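# Notes for the structure review
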Amino acid sequence: MALAVITLAIGFPVLAWSADRLVATASVLTLRLGLAPLLVGLFVVGFGTSTPELLVSALAAIEGKPELALGNALGSNIANAGLILGLTLLFIPLGRHRERERVTLGLLVLATFGTLLLLGDLRLSRGEGMAMLGLLLAAMPLIAWANRGNPAATAAPGRAGQPLRGTALGLAGSLVLLLISARALIWGAVTLAEAAGVSQLVIGLSIVAVGTSLPELATAIAAARRQERALLYGNLIGSNLFNLLAVLGVTVLIHPLAVSLPVLLRDGVIMAGLTVPLVLLARGAIGGTRSLGAALLVTFALYQLGLFLFAQGSP
């Protein structure tokens, strides 16, 4: 058990660092293509920082631990909208901001509530996983088309001239390190869960979900400090889209899931409820105030407390 704690303590920062390196090197390649800042936030930062969730959930499903994979996917979205957005707004209020691009927000709403509908029969099949991945693949060119008029981003000084070979090697090295740290994270989390009598689902919804969301937290705070609202919201929206459509989709392709009713009524509803303020913030319907940040954090804290007090017997 002590070795599991040490593994988690080392695995989380290594996971976060390797994901950050993966995003940084991928950004160089993407920015060279002249993509708009919101697209970089969605595709490179948002999807890139969700790579830990994808690796952890896929490995968990391969090893016959689908509950851990499901908890990681849903729990990461809850952590993004509750913990990460809440902490960011509490320390760095963003005021009101209207993002003119509506397609991505509509897709997030569709993916969130569509996932709840798919969970309604308390199972996720391989066919439904293929539908999730298909929606994501169809959405990517649609998002790019919706942002075709946005100004192109430029690479940061000193990075644009980096040789392509070095960038490719950096991508490969970061991916390998991500894979190793994700595998260690799963082992540590499962070992602790078994020793403490806590279900794999709860571990996935709490410790693993928060741990794999560390890259999003670092990116969100950095973007908020620079008042880069498009990057901040693009990061969280892209991450949540990727978690639902790619992470959950790949998981059920590997291992179809049986879902308990508490997961639908507790975790699914909390995830959908916390997605609403994220969408309203990105649309400019509400302001990013400290009071909103505090409310999101309190909601997340109460949810986590409830998990460990009342949900330890969940499958």
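Reference entry: report on the structure contained in this document.

About the cut-offs
- Residues numbered from 1 in each chain as written.
- Predicted model: local features only at pLDDT ≥ 70, side-chain atom pairs only at ≥ 80, totals over all residues.
- Heavy atoms only, no water.
- Helix = DSSP H or I, 4+ residues; strand = E, 2+ residues; numbered from the N terminus.
- Buried < 20%, exposed > 50% of the residue type's maximum accessible area, 1.4 Å probe, protein only.
- Contact = heavy atoms within 4.5 Å.
- Areas by Shrake-Rupley, 256 points an atom, 1.4 Å probe, with all protein chains shown as cover.
- Axes fitted to C-alpha atoms, helices over the stretch in contact; angles between N-to-C directions.
- Parallel < 35°, antiparallel > 145°, perpendicular 65-115°, else oblique.
- Left-handed = near helix turned anticlockwise from the far one by under 90°.
- Salt bridge = Lys/Arg side-chain N within 4 Å of Asp/Glu carboxyl O.
- Expected span 1.5 Å × (residues − 1).
- Bend = angle between axes of the 7 residues up to and from the residue.
- Arc of directions from axis to C-beta.
- Nonpolar A, V, L, I, M, F, W, Y, C, P; charged D, E, K, R; others polar.

## A few points about the overall build of the protein chain
Looking only at helices and strands, the protein chain has twelve helices and two strands in total. Moving toward the C terminus, one meets the helices and strands of the protein chain in the order α-α-α-α-α-β-α-α-α-α-α-β-α-α. The buried share of the protein chain, reckoned over its 315 residues, is 55%. Residue pairs in contact within the protein chain that sit at least 24 positions apart in sequence constitute 90% of those at least 6 positions apart. Of the roughly 12600 Å² that the protein chain leaves accessible, carbon and sulfur atoms contribute 72%.

## Details of the packing of helix α3 (residues 51-62) against helix α4 (residues 66-91)
Taken N-terminus to C-terminus, the directions of α3 and α4 make an angle of 160 degrees; their axes are 7 Å apart at the nearest point. With respect to each other, α3 and α4 are oriented roughly antiparallel. Seen from above, α3 lies across α4 with left-handed handedness. Between α3 and α4, the residues in contact are Glu 53, Val 56, Ser 57, Ala 60 and Ala 61 and Pro 66, Leu 68, Ala 69, Asn 72, Ala 73 and Ser 76, respectively.

## Notes on unusual backbone geometry
Even without being a glycine, Leu 122 presents a positive backbone phi close to 65 degrees. Looking at the secondary structure, you find Leu 122 in the loop between α5 (103-118) and β1 (123-124). A relative accessible area of 29% places Leu 122 in the partly exposed class.

## Re the environment of Ala 193
Structurally, Ala 193 can be placed in helix α7 (residues 164-196). Here Ala 193 falls in the buried class, since its relative accessible area comes to 2%. Residues Ala 193 and Met 1, 192 residues apart in the sequence, show an inter-C-alpha distance of 9.9 Å. Ignoring anything within four residues of it in the chain, the contact list for Ala 193 reads Val 198, Ser 199 and Ile 203.

## Brief notes about the pattern of salt bridges
Within the structure shown, the criterion is met by two salt bridges. The residue Arg 266 makes a salt bridge to Asp 267 at a minimum N-O spacing of 2.7 Å.

## A word on α4
Its 26 residues give α4 an end-to-end C-alpha distance of 36 Å, which sits within 8% of 38 Å, the value for a rise of 1.5 Å per residue. Considering bend angle alone, the principal kink of α4 is centred on Ala 79 and spans about 40 degrees.

## Brief notes about α5
Between its first and last C-alpha atoms α5 spans 22 Å; for 16 residues at 1.5 Å apiece the expected length is 22 Å, and the two agree. If you check which residues of α5 are buried, you get Thr 104, Leu 105, Leu 107, Leu 108, Ala 111, Thr 112, Thr 115 and Leu 116. One side of α5 holds all its buried residues, which, seen down the axis, span an arc of 170 degrees.

## Considering the packing of α4 against helix α11 (residues 261-283)
Two numbers describe how α4 lies on α11: the axes approach to 10 Å, and their chain directions differ by 40 degrees. Regarding α4 and α11, the two cross each other, and that crossing is left-handed. Every residue of α11 that contacts α4 at Leu 70, Leu 74, Asn 77, Ile 78, Ala 81, Gly 82, Leu 85 and Leu 89 is listed here: Val 263, Asp 267, Ile 270, Met 271, Leu 274, Thr 275, Leu 278 and Leu 281. Taken together, the residues of the contact of α4 with α11 sort by class into twelve nonpolar, three polar and one charged.

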